[in-house]
Amino acid sequence: MKRRDLLNSISRRRGWRAGRTLSTALVVAALLACGTVMLTPSRASAEEPAPPKLRLPAVAAPTRYHLELTLVPDADTFAGAVDIELTLKKATPVLWLNGQNLTVKEAILETGGQSLTAKVIATPKDYIGFSFDKAVGPGAARLHIAYQGKIDRKNMEGVFQVKEGGAWYVYTQFEPIFARKAFPGFDEPGYKVPWQVTLHVKKEDSAFSNTPIVSETDDPNGMKTVKFAETKPLPSYLVAVAVGTFDTVDAGTAGKKHTHIRIVVPHGESAEARYAAKTTPAIVNLLEGYFGIPYPYEKLDEVAIPLAGYAMEHAGMVTYGSGIILWPPDQDSLQKHRLWVSVGAHELAHQWFGDYVTTAWWNDIWLNEGFASWMADKISNEYKPEWHMHISELNGYQGAMDTDALVSSRKVRQPIESDDDIANSFDGITYNKGSALLNMFETYMSPERFQKGIHLYLEKHAWGNATSADFLAALGTVDPAIPASFSSFLDQAGVPEVNASLKCAGGAPRLELEQQRFLPVGSTGSADQMWQIPVCAKYPSGSTEARQCALVTAKTKELTLSKATGCPQWVFANDGAAGYYRVHYQGHLLDSLLKDDTRTLGLAERVGLVGDVAAFTGGGQMKRGEALGMVPEFLQDPAPQVTAKTLEIASGLEFNIVPDSLLPKYRKFLENMYGGRAHELGWKSKPGEDAATERLRPTLLDVTADEAEDPELIAQAKTLANEWLSNHNAVAPDMVGVVLRTAAEHGDRAFFRRLRSEAKKEKDQNTRGQLLNAMGSFRDPEIVKAAMPILLTSEFDPRESLGILFGATQWPANRDLVYDFVKQNIGALEAKLPQDVLPFMPYAAASYCDEQHRADVEAFFKDRSAKYPGGPRTLDQVLEGISLCAANKSAQQASVVAFLSGYGSKAGAGR
């Protein structure tokens, strides 16, 4: 599942058989309508057994499900019946299942020729108990449960509704632990069995699930019964349904089995699916070619969900937020193409890695998500090499390193001890660090040998569950040293820092390597930590280049550069920038890499080098003023990706480090470095531009207009914004966001009112989102005060308007306004906002940079965050970030002040 990256949206914009089944729609609909209680659940008492703490007892396991649901899109509740074929492993007087917000109406167990009525033990959350007058089992059994559940209109989890174009639609989202809101069952990934789903829906509605429809029959009262084929073995979280007045777009077939592909969209939106329909077959074919296994399922439906900011890999029925898969023809853009292909490749890779072979428990979810992220990069690069998607992935890897440097970070393979741990496991460590590790070991082993290990893993665990140990064992058949090395990265948090020194005296040239944990200035962590690091170095060897690799398994390691002809002029200690470690070059090594002859470094290596320099200013190994002095050298590189990467060194300093008295000089520095190139690029693309230049344009214009405060660019943005509000063809789709934000940052109340008015009228989700984000970008405190209360109204869906709140935090003058608003209205916000947003509420105060505010944030959120799913770790990371900001300011401000104080008006190397 590729979730919305909430941190991007709330931090500075730059920086989830018949039997006794109720068999007719009439009976099920009657239960739904009248709410008849056929069996009254008892309340848990002192005499009743206590529910499980986290995992279900290992006394029973399902072998097959028959699930029947009545789903009416505009209803508040649904009726359900589930028959679970079981194996009772031993005698037990009570059978615990997962279930939440369900009202059980009947529960009957058939076993040993007997039919036993169960007494229901209700619990507040996660579990439903079914107790019997005497112990049941061991042996085969069938549990029949009739029940009623709730359809959610606030949270996109369990069974939920979304309104689009005046019509209601029902969807499901069960990962990680929301299937229990749709049916009682074994809601853990290790229980993987076949499912047969039957839906009762209105005659005019379409119904979709994981498998093809096998029958569709009319029923009384305007209903129909839609029966789907039995699935291959699936865990509960991969089951899915969708009901509503959908349109379908035929996307042809793909793969060796000529699997039929459809794009399923809300009524009237077929034209917006053209790019997804065009590209999906090619993505499937590329994936099938890599895995060497035909697409595993009978069909492939790709379903668009309005307002959703995530995608989900249900077997045979993948769901995507509409903004990912759909857009009007006049909004076609490179940015949307890249997003779709990357997310589409990620979710479709899951059909093998995650669905065909499923993780056994949530501690290994990186096997699903990290792998799919890594595979998406591979497939995207193969499909469109000119997009350089591997550079985007590298930036993602280095972003994961920033998180991983925190003492509040977690292991990739983190023990799961609570629901909080499950919620936390879907983060950048799982996705980006997991992907980075796969990339590192593929590079070290060679792509061919790594692919062989993957094939072995998939073949051995086909249709089943597997663990990290299983995956590493498969790689170990190819290279026995890999499991221990890989485990050293999975089973401990942190990023290695590798200090590299070149020694040429007294024999052959040697690269001396020393490892420790990379930590930011002010960190309370210990650097005394070791990994088994696969380090690959490259260096000149005569007229060519040589590459040597070694596992650094001790504190220090000496790598003899045996192919060097004399003392090499330079050594790059992270070949391909594939290693998940920071390289701190000692002596003259960094200077030698900054010289012109370093054009022998590849694009990823040059981007990675800039990223390491930026990181070491945060770690205190390098002064920020010194790094600012390197920016002109880095900007000699013609690659737009390198230019963009230098902003990690140069931008954002006005918020916490640069004193007000030096802001004019800082803005002049930014203008000199980036203004010329920004003006050269302009607000409109030019014929013949490559993809990297197109992507650089909004980034540079954003910084030059908003941080350097270039008056000409600000004026142009205001003019373009007003033109776009009258005619959406006036600005290219990829530029709309930065144009509106820039105009808003320097805009007045009249412009705010116009944005608000247009957002109310706008029917397209993507466009409305851009308008709302701009409404959160004003600097004027009075406008911010007027904007924030919008979140408490029904003017916009809170899933969309949240950007108003978090966008305002970027300007120091508005920090207190935002934080005070949250504190004063926390109860109303908790009631209004979706559950998965609440853990991130402390980010409303994350831009503070002093210990006094840190203490206040901790006091206010500590008890509240404990109630949010995954909240405690998120709060810990916010608090640590505030402390580290304060420490970094103390350590680096003097060097920045010295640099800017001596900085003249000469443009230098800026372009």
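See the structure shown above.
Per-chain numbering applies: the sequence of each chain, read as written, is numbered from 1 onward. Only residues with pLDDT of 70 or above have their local features reported here, since the model is predicted, and side-chain atom pairs are shown and tallied only from 80 upward, although totals for entire chains, interfaces and linings are computed over all residues. Side-chain metrics rest on all non-hydrogen atoms present in the structure, leaving aside hydrogens and water.

(A) Structural context of the side chain of serine 342. Numbering goes from the N terminus for both helices and strands, where a helix is a DSSP run of H or I of at least four residues and a strand is a run of E of at least two. Note on placement: serine 342 falls in helix H5 (residues 334-349). Take serine 342: its relative accessible area is 13%, and that puts it in the buried class. Among all residues touching serine 342, those that are not within four sequence positions of it are Ala376, Ser380 and Met389. Whether a residue is buried, partly exposed or exposed follows from its accessible area with a 1.4 Å probe, protein chains only, as a fraction of its type maximum: under 20%, in between, or over 50%, in that order. Note on contacts: a residue pair is in contact if any heavy atoms of the two residues lie within 4.5 Å.

(B) Representation of the pairing of strand S6 (residues 114-117) in the model. Note: two strands are recorded as paired if DSSP finds a minimum of 2 bridges between them. With 4 bridges connecting them, strand S5 (residues 103-111) and S6 associate as antiparallel partners. When the sheet's bridge partners are listed, isoleucine 108 is paired in S6 with threonine 117. Between the antiparallel neighbours S5 and S6 lie 2 residues, among them glycine 112 with a positive phi of about 60°.

(C) Structural detail: the state of the cysteines. Our working definition of a disulfide is a cysteine sulfur pair at a distance within 2.5 Å. The final tally for this structure, using the stated rule, is 3 disulfides. Disulfide pairing is shown between cysteine 504 and cysteine 567; the S-S distance is 1.9 Å. Given an S-S torsion of about 75°, the disulfide between cysteine 504 and cysteine 567 has right-handed geometry. Of the two residues, cysteine 504 sits in the loop between strand S24 (496-503) and strand S25 (510-517) while cysteine 567 sits in the loop between strand S28 (556-560) and strand S29 (582-585), which places them 63 residues apart along the sequence. Taking the relative accessible area as the measure of exposure, cysteine 504 reaches 27% and is therefore partly exposed. Accessibility expressed as a relative area gives 46% for cysteine 567, which makes it partly exposed. Linked covalently through their sulfurs, cysteine 536 and cysteine 549 form a disulfide whose S-S length is 2.0 Å. Between cysteine 536 and cysteine 549, the S-S dihedral sits near 110°, and the bridge is therefore right-handed. In this pair, cysteine 536 sits in strand S26 (residues 533-541) while cysteine 549 sits in strand S27 (residues 544-552), placing the two residues 13 residues apart along the sequence. For cysteine 536, a relative accessible area of 5% corresponds to the buried category. Taken in sequence order, the bonded cysteines of the protein link in the pattern 1-4, 2-3, 5-6.

(D) Representation of the packing of helix H21 (residues 749-761) against helix H22 (residues 765-775) within the structure. The N-to-C vectors of H21 and H22 enclose an angle of 155°; their axes lie 9 Å apart at closest approach. Classified by the interaxial angle, the pair formed by H21 and H22 is roughly antiparallel. At the point where H21 passes H22, the crossing takes the left-handed sense. When H21 is examined against H22, the residues Phe752, Leu755, Arg756, Glu758 and Ala759 are found in contact with a partner set consisting of Arg768, Leu771, Leu772, Ala774 and Met775. Basically, the charged four are Asp, Glu, Lys and Arg, the nonpolar ten are Ala, Val, Leu, Ile, Met, Phe, Trp, Tyr, Cys and Pro, and anything else, Gly included, counts as polar. Classifying every residue of the contact of H21 with H22 gives 7 nonpolar, no polar and 3 charged. A fitted line through C-alpha atoms represents every axis, and for helices the fit uses only the stretch in contact; the resulting angles, taken between N-to-C directions, go from 0 to 180 degrees. Note on angle classes: values under 35 degrees are labelled roughly parallel, values over 145 roughly antiparallel, values of 65 to 115 roughly perpendicular, and the remainder oblique. By definition, turning the near helix anticlockwise from the far helix through less than a right angle yields a left-handed crossing, and turning it clockwise yields a right-handed one.

(E) View of the packing of aromatic side chains. Think of it this way: a Phe, Tyr or Trp ring, Trp meaning its six-membered ring, pairs with another when their centres are within 6.5 Å, and the plane angle makes it stacked under 30 degrees, edge-to-face over 60, tilted otherwise. All told, the structure shown has 46 aromatic pairs when counted by the stated rule. Centre to centre, the rings of tyrosine 356 and tryptophan 463 are 4.8 Å apart; their planes meet at 75°, and the pair counts as edge-to-face. With tyrosine 356 in the loop between H5 and strand S22 (358-359) and tryptophan 463 in the loop between helix H10 (447-460) and strand S23 (465-466), the pair connects residues that are 107 residues apart, well separated along the chain. The interplanar angle of 80° and the centroid separation of 5.4 Å between the aromatic rings of phenylalanine 669 and tyrosine 903 together place this pair among those described as edge-to-face. Highlighted residues: phenylalanine 669 in helix H17 (residues 663-681) and tyrosine 903 in the segment after helix H28 (871-901), separated in sequence by 234 residues. Charge-over-ring placement is defined geometrically: NZ (Lys) or CZ (Arg) within 6 Å of the ring centre, and within 35 degrees of the ring normal. Looking at arginine 779, its charged tip hangs above the ring of tryptophan 811, at a distance of 4.1 Å from the centre.

(F) Just helix H9 (residues 428-445), in detail. Relative to the 26 Å expected for 18 residues at 1.5 Å per residue, H9 spans 24 Å between its end C-alpha atoms, a close match to the ideal helical length. Most of H9 sits out of view: 14 of its 18 residues are buried. Structurally, the start of H9 carries an N-cap: the backbone nitrogen of isoleucine 429 is 3.2 Å from a side-chain oxygen of aspartate 427. Among the residues trailing H9, serine 446 stands out with phi positive, at a value near 100°. For a helix, the expected span equals 1.5 Å multiplied by the residue count minus one. For the purposes of these results, a polar contact is taken to be a pair of N or O atoms within 3.5 Å, where, inside protein, one atom must be able to donate a hydrogen and its partner to accept one; residues adjacent in sequence count only when each atom of the pair is a side-chain atom.

All quantities given are derived from atomic positions and should not be read as evidence of function.
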